[in-house]
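# Overview (structure and organization)
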Amino acid sequence: DGGITQSPKYLFRKEGQNVTLSCEQNLNHDAMYWYRQDPGQGLRLIYYSQIVNDFQKGDIAEGYSVSREKKESFPLTVTSAQKNPTAFYLCASSRDSPNYGYTFGSGTRLTVV
Amino acid sequence: AQSVTQLDSHVSVSEGTPVLLRCNYSSSYSPSLFWYVQHPNKGLQLLLKYTSAATLVKGINGFEAEFKKSETSFHLTKPSAHMSDAAEYFCVVSDHLDTGRRALTFGSGTRLQVQP
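Here is a short report on the structure shown in this document. All values derive from a computational prediction rather than experimental measurement. In every chain, residue numbers begin from 1 and rise along the written sequence. Chain letters and ligand numbers both follow the written order, the letters beginning at A and the numbers at 1. For this predicted model, a pLDDT threshold of at least 70 governs which residues receive local features, and a threshold of 80 or more governs which side-chain atom pairs are given and counted, while totals over whole chains, interfaces and linings are taken from all residues. Note that water and hydrogens are dropped before the side-chain values are worked out from all heavy atoms of the structure.

All right, on to the sheet that holds strand β3 (residues 19-25) of chain A then. Residue and element names in this part refer to chain A. The strand order across the open sheet built from 4 strands is β1-β3-β8-β7, with neighbouring strands paired in antiparallel fashion. A strand with exactly one partner marks an edge of an open sheet, and here the two such strands are β1 (4-7) and β7 (64-66). Across the sheet, the mean angle separating the axes of adjacent strands is 20° when strand polarity is ignored. Think of it this way: DSSP has to see at least two bridges between two strands before they count as a pair. Runs of E in the DSSP output that reach at least two residues are strands. Runs of H or I that reach at least four are helices, and both are numbered from the N terminus. Bridge count for β3 against strand β8 (residues 76-78) is 3 bridges, and the pairing is antiparallel. Within β8, the position partnered with T20 by the bridge is T77. Axis definition: a line fitted to C-alpha atoms, limited for helices to the stretch in contact. Angles are taken between N-to-C directions and run from 0 to 180 degrees.

Residues and elements named next belong to chain A. The disulfide criterion is simple: two cysteine sulfur atoms within 2.5 Å. On inspection of all chains with the given rule, the structure shows 2 disulfides over all chains. Covalent S-S linkage joins C23 and C91, the inter-sulfur distance amounting to 1.9 Å. With the S-S bond torsion at -75°, the cross-link from C23 to C91 turns out left-handed. Of this pair, C23 sits in strand β3 while C91 sits in strand β9 (residues 87-94), and the two are 68 residues apart along the sequence. Each member of the pair, C23 as well as C91, is classed as buried. The rule is simple: take the accessible area with a 1.4 Å probe, protein chains only, and divide by the maximum for that residue type; under 20% is buried, over 50% is exposed, in between is partly exposed.

A few words now on the packing of aromatic side chains. Geometry of an aromatic ring pair is reported as the spacing of the ring centres plus the angle between the planes. Aromatic rings from Phe, Tyr and Trp, taking only the six-membered ring of Trp, are treated as a pair when their centres fall within 6.5 Å; an angle between ring planes under 30 degrees marks them as stacked, one over 60 as edge-to-face, and anything in between as tilted. Taken as a whole and assessed by the stated rule, the structure comprises 17 aromatic pairs over all chains. With centroids separated by 5.9 Å and ring planes inclined at 80°, the aromatic side chains of Y47(A) and F55(A) adopt a geometry described as edge-to-face. By relative accessible area, which is 36% here, F55(A) ends up partly exposed. Ring centres of F104(A) and Y36(B) lie 5.6 Å apart, and the angle between their planes is 85°; this geometry places the pair in the edge-to-face category. Note that F104(A) is positioned in strand β10 (residues 103-104) and Y36(B) in strand β5 (residues 32-38), a pairing that runs across two chains. Each member of the pair F104(A) and Y36(B) is classed as buried. Chaining the aromatic ring pairs together yields one cluster made of Y33(A), Y35(A), Y48(A), Y102(A), F104(A), F34(B), Y36(B), F90(B) and F106(B).

Shown next as structure tokens:
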């Protein structure tokens, strides 16, 4: 079955470390997205990518970086510059237009220890 | 400017009674609108979507929503709540013609509690 896979499910980071969250899809979707979810704030867009080797900043890109070297993969790196990284991170994909709606992964919960 | 507003952060209903989750949007164009559901510590699942066809949209699990342009609303309803409906619900808009950004914008969510 096609789907979108995020790993790991839980991740713990020490202060000052960079960590990378994985997102892989086998839906042949062109577009991929990263959102951050905090209680009571809905989902906020971090980065998105419409095609390979191209991506755009969302509303809260500071302290994060991404790459899109393959159509299937869109990893997110949370850098030490992100001051409050503890959150639930969701990856999604869609056909070329978001009007088709997203397919979501099951999320990664990142905690700073 | 907020392009989608969910009017209630929490809604509590009794099992078997109707559900109403309210959503208003703002857009200069005719947007695409969605409702997603999220169960605890899970990803989001699409309930239904409106993309300028019929204004009454039927979704999964007995949910439906009506697009009302004059009221700029897209409220989610279900005639009879089930315990398994307890979750968080997000109203979502595709507003790239307003924002120039080809991504969905999410409301802040409504947590639905279902009492036995």
